[in-house]
Amino acid sequence: MHQSPLAEHVGVEITGVQMSSLEDEALDALKQAVYQNGVAVLRDQELSPEQHIAFAKRWGGIDVNPFFPTNSGWPEIAEVRKAETQRVNIGGGWHTDHSYDEIPAMGSILVARELPPSGGDTLFSSAGAAYDSLSDGLKQTLDTLRAVHSADHIYQPGGFYSKTDQAEELTGQELSTRAVHPVVIRHPVTGRKLLYVNPGFTLHFEGWSREESLPLLAYLYEVASREEFQCRVQWQPGSVAIWDNRATWHLALNDYHGHRRVMHRITLTGDPIAA
Ligand SMILES: O=C(O)CCC(=O)C(=O)O
Ligand SMILES: [Fe+2]
């Protein structure tokens, strides 16, 4: 297994392994690579949907995302797709998946199935590097705070996607989600301190109004989305990304209108998170 960094703070590219026939030792090394680097991109994979599911089960548990359309044959696989005719994509703003859950999903295994001729890259940013860059004073303040997260304003009727051309495809509009998490968490495996708020799902600091929370949240979002803390995943046929939701944020670029993009996603079960 060969590893090379994608950027200074986040992301590693892995070549020389096939996920469909990985030894136990290589799987352990791959897990460490994901936890340490936030996201691992594996190239030239030949992975059928059945092998995708089998690999996810070897990694740990599978969470079924209630909002994305599932691929008809495989209920464990969500399709993240945008048709030639659609304008809005899934995940087009900075977010970490499932922060609105009590135990947020560990991450996802995203397999490129149909790619546009160009564009459609995914950006990741390092929640650890963003935290490390803050002053000691701000770190101390953030260490004492908790924040409220929800996806209701995204997926419920009247929410973000309801006003877009993705509305028809999404499910679970009747669900309500809410969770409170520390603003700074420790990675369950590496122990690294991570900034755990995100523009997609964080509503406000616990005990603060939204109006009071927004200026500080906006500042943290500006820091965490700085280019210096990012890497860019350029998809190719056979590319697979495995990311860690605790350690990273991500954003799917929407710069390929008129072309189809289909990704197969399996969401991996997480561990309880804590300060
Ligand atoms: O399509 C992508 O590159 C990522 C979309 C996304 O946000 C997700 O699958 O969680
Ligand atoms: Fe996402």
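Residues numbered from 1 in each chain as written. Chains lettered and ligands numbered in written order. Predicted model: local features only at pLDDT ≥ 70, side-chain atom pairs only at ≥ 80, totals over all residues. Heavy atoms only, no water.

Quick look at the side chain of threonine 122 now. Examined against the element boundaries, threonine 122 turns out to sit in strand 8 (residues 122-126). You can call threonine 122 buried: its relative accessible area is 5%. At 2.9 Å, the side chain of threonine 122 forms a polar contact with the side chain of tryptophan 235. Those residues within four positions of threonine 122 in sequence are excluded, and the remaining contacts are Cys231, Arg232, Val233, Trp235, His250, Leu251, Ala252 and Arg261. (Helix = DSSP H or I, 4+ residues; strand = E, 2+ residues; numbered from the N terminus. Buried < 20%, exposed > 50% of the residue type's maximum accessible area, 1.4 Å probe, protein only. Polar contact = N/O pair within 3.5 Å; in protein donor to acceptor, adjacent residues only side chain to side chain. Contact = heavy atoms within 4.5 Å.)

Our next topic: the sheet that holds strand 16 (residues 248-252). One key point about sheets: their strands pair by backbone hydrogen bonds, in either a parallel or an antiparallel sense. The strand order across the open sheet formed by 3 strands is 14-8-16, and the pairing between neighbours is antiparallel. Two strands close off the open sheet at either side, each with one partner strand: strand 14 (230-233) and strand 16. Between one strand and the next, the sheet's axes are offset by a mean angle of 20 degrees, whatever the strand orientation. Here strand 8 runs beside strand 16; their pairing, made up of 5 bridges, is antiparallel. Paired with serine 125 across the two strands is tryptophan 249, which belongs to strand 16. (Pairing = 2+ DSSP bridges. Axes fitted to C-alpha atoms, helices over the stretch in contact; angles between N-to-C directions.)

Turning our attention to the pattern of salt bridges. Applying the stated criterion across every chain yields a total of 13 salt bridges. Its salt-bridge partner being glutamate 169, residue arginine 81 comes within 2.8 Å of it at the nearest N-O pair. Within this pair, whereas arginine 81 is found in strand 6 (residues 74-82), its partner glutamate 169 is found in the loop between helix 5 (152-155) and strand 10 (179-182), the two being separated by 88 residues in sequence. The shortest N-O distance in the salt bridge between glutamate 114 and arginine 260 comes to 3.0 Å. Of the two residues, glutamate 114 sits in strand 7 (residues 107-114) while arginine 260 sits in the loop between strand 16 and strand 17 (261-268), which places them 146 residues apart along the sequence. Counted as one network, the salt bridges with shared partners bring together Glu79, Arg81 and Glu169. (Salt bridge = Lys/Arg side-chain N within 4 Å of Asp/Glu carboxyl O.)

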